Amino acid sequence: MAKNVGNKTSQLCGGGNTSNNATFRVKSLKSNLMFLLSRIKTFCHPELVSGSHVFTGKILRFRNKFGMTSFKKALAFTLAETLIVMGIIGVVAALTIPNLNSSTADKEKIAKLNKIYSNLEDAVGRAQAVYGPVEEWLSGKTAEQKNLIFYERVAEFLKVQKTCAPNATGCFTKNQGNALKSGLFVTDTPQAFYQVILADGASVSFFPYGNDNNCSESGCYNFYVDIDGPTKGSFTYGKDLFTLVGGSKDGLNKSWAQNSTANKANCFKFGSSCSSWVLEFGNMDYAKADSSGKCPNGKVLDWTTNTSCK
């Protein structure tokens, strides 16, 4: 039995002279550990104790089916080390996760607005292909007639789950307070016109009108879009409520807000014309800037060269 133990020890260490390896029997955990500590410098791999190769792990004892004892080395972190690492991870997470969440939320809003823009642009184009230019729909009609005709002909080519008449509830949120901070008149709010909830849950209001500094032709129109629908979000311009401007000739105009200095300024001040920014530049960094367009890092947004706070 002693011979077998000696042979197994020699094999375990990769061969070599076993004359100095006395046979031993396991009597207690204490005696085995003392033996290992006294032999660790020469046991199997003596190079582990030279230079920087210092073994600091734990010794684990195992008994195989033949009754012989074998030993394995196991490395582990101390409790203090584990707590330090967890603390570092916590600090990094606290600094990065809010920014990641904000960035993800902005990307979702941008994607929603782009999708709604494409759907409305397609609906207007198809309606004009069937009924002629928008300005012909509106010519010689009263305001009420314009509202109804424009809504019926465009909505025909949209996937609508619910319709609301002017000044009716159910399609847009009742909270007009945040929207009115943009300086719009009470009669120029989404609820004043025909409204629908689309199949994806977004709210759309249809507003045909004549012409102004945003649109120089007679067949001009607005869409008010709440990308969250009537039950979610803050109903705030530039965050979840956007205005899309179009006309018979050019369709929906992505860059309409750049037609005037006032519109550009209103995006930073009120958010009321920021749909152009989102559709043109693909970000919502105007929300990070102050009323003059200045970002937290000092960069000033200007609708031309500086279109991101990064």
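Conventions adopted
- Residues numbered from 1 in each chain as written.
- Predicted model: local features only at pLDDT ≥ 70, side-chain atom pairs only at ≥ 80, totals over all residues.
- Heavy atoms only, no water.
- Helix = DSSP H or I, 4+ residues; strand = E, 2+ residues; numbered from the N terminus.
- Buried < 20%, exposed > 50% of the residue type's maximum accessible area, 1.4 Å probe, protein only.
- Contact = heavy atoms within 4.5 Å.
- Areas by Shrake-Rupley, 256 points an atom, 1.4 Å probe, with all protein chains shown as cover.
- Salt bridge = Lys/Arg side-chain N within 4 Å of Asp/Glu carboxyl O.
- Expected span 1.5 Å × (residues − 1).
- Patch = residues over 30% accessible without salt bridge, like charges linked within 9 Å, V, L, I, M, F, W, Y side chains within 5 Å.
- Pairing = 2+ DSSP bridges.
- Axes fitted to C-alpha atoms, helices over the stretch in contact; angles between N-to-C directions.
- Phe/Tyr/Trp six-rings, centres within 6.5 Å; stacked < 30°, edge-to-face > 60°.
- Disulfide = S-S within 2.5 Å.

Let's shift gears to the overall build of the chain. Summing up its helical and strand segments, the chain has 8 helices and 8 strands in all. Put simply, the chain has 310 residues, and 36% of those count as buried. Excluding contacts between residues fewer than 6 apart, the proportion of contacts in the chain whose partners are at least 24 apart in sequence is 54%. Here the chain displays about 17,900 Å² of accessible surface, and carbon together with sulfur accounts for 55% of that area.

Scanning the entire structure with this criterion turns up 3 salt bridges. Salt-bridge contacts for Lys112 lead to Asp228; the nearest nitrogen and oxygen are separated by 4.0 Å. Residue Lys112 is located in helix 3 (residues 79-131), and its partner Asp228 is located in the loop between strand 6 (220-226) and strand 7 (241-247); the two are separated by 116 residues in the primary sequence. Judged by its relative accessible area of 39%, Lys112 is partly exposed.

On to the side chain of Asn147, then. Checked against the element boundaries, Asn147 lands in helix 5 (residues 143-155). In this view, Asn147 contacts Phe193, Tyr194 and Pro208; residues no more than four positions away in its chain are not counted.

The next subject is helix 5. With 13 residues, helix 5 ought to run about 18 Å at 1.5 Å a step, and its terminal C-alpha atoms sit 18 Å apart, in line with that. Among all positions in helix 5, only Asn147, Ile149, Phe150, Tyr151, Val154 and Ala155 are buried.

Judged by side-chain polarity, Leu79, Leu83 and Met86 come together as a nonpolar surface patch covering roughly 350 Å² of accessible area. In this structure, Leu83 sits in helix 3.

What follows is about the sheet that holds strand 5 (residues 203-209). If you trace the 6 strands from one edge of the open sheet to the other, you get 3-4-5-6-7-8, paired in antiparallel fashion. Edge positions in the sheet fall to strand 3 (160-164) and strand 8 (251-253), since each has one partner strand and no second. Taking each pair of neighbouring strands and ignoring which way they run, the sheet shows an average axis angle of 30°. Bridging between strand 6 and strand 7 involves 7 bridges; their strand directions are antiparallel. The residue bridging Tyr221 from the neighbouring strand is Gly246, located in strand 7. Helix 5 contacts strand 3, strand 4 (194-198), strand 5 and strand 6 of the sheet and is inclined by roughly 130° relative to strand 5.

On to the packing of aromatic side chains, then. Taken as a whole, this structure holds 19 aromatic pairs when the rule is applied. On the numbers, 5.5 Å between centres and 70° between planes, the contact of Tyr151 with Phe206 is edge-to-face. Placement of the pair is Tyr151 in helix 5 and Phe206 in strand 5, with a sequence separation of 55 residues. Measuring from centroid to centroid gives 5.0 Å for Trp277 and Trp303, while their planes differ by 90°, and the two rings are edge-to-face.

Here the focus is the state of the cysteines. Using the criterion set out here, one finds 3 disulfides in the structure. Across a sulfur-sulfur distance of 2.1 Å, Cys164 and Cys171 are joined as a disulfide pair. An S-S torsion of about 85° defines the bridge between Cys164 and Cys171 as right-handed. For the pair Cys164 and Cys171, a shared accessibility class is recorded, and that class is buried.

To continue, consider the environment of Ser139. With respect to the helices and strands, the residue Ser139 is situated in the loop between helix 4 (134-138) and helix 5. Overall, the relative accessible area of 51% leaves Ser139 in the exposed class. Taking C-alpha positions, Ser139 is 8.4 Å from Gly219, a pair spaced 80 residues apart along the chain.

Purely spatial values, then, with no claim about function.
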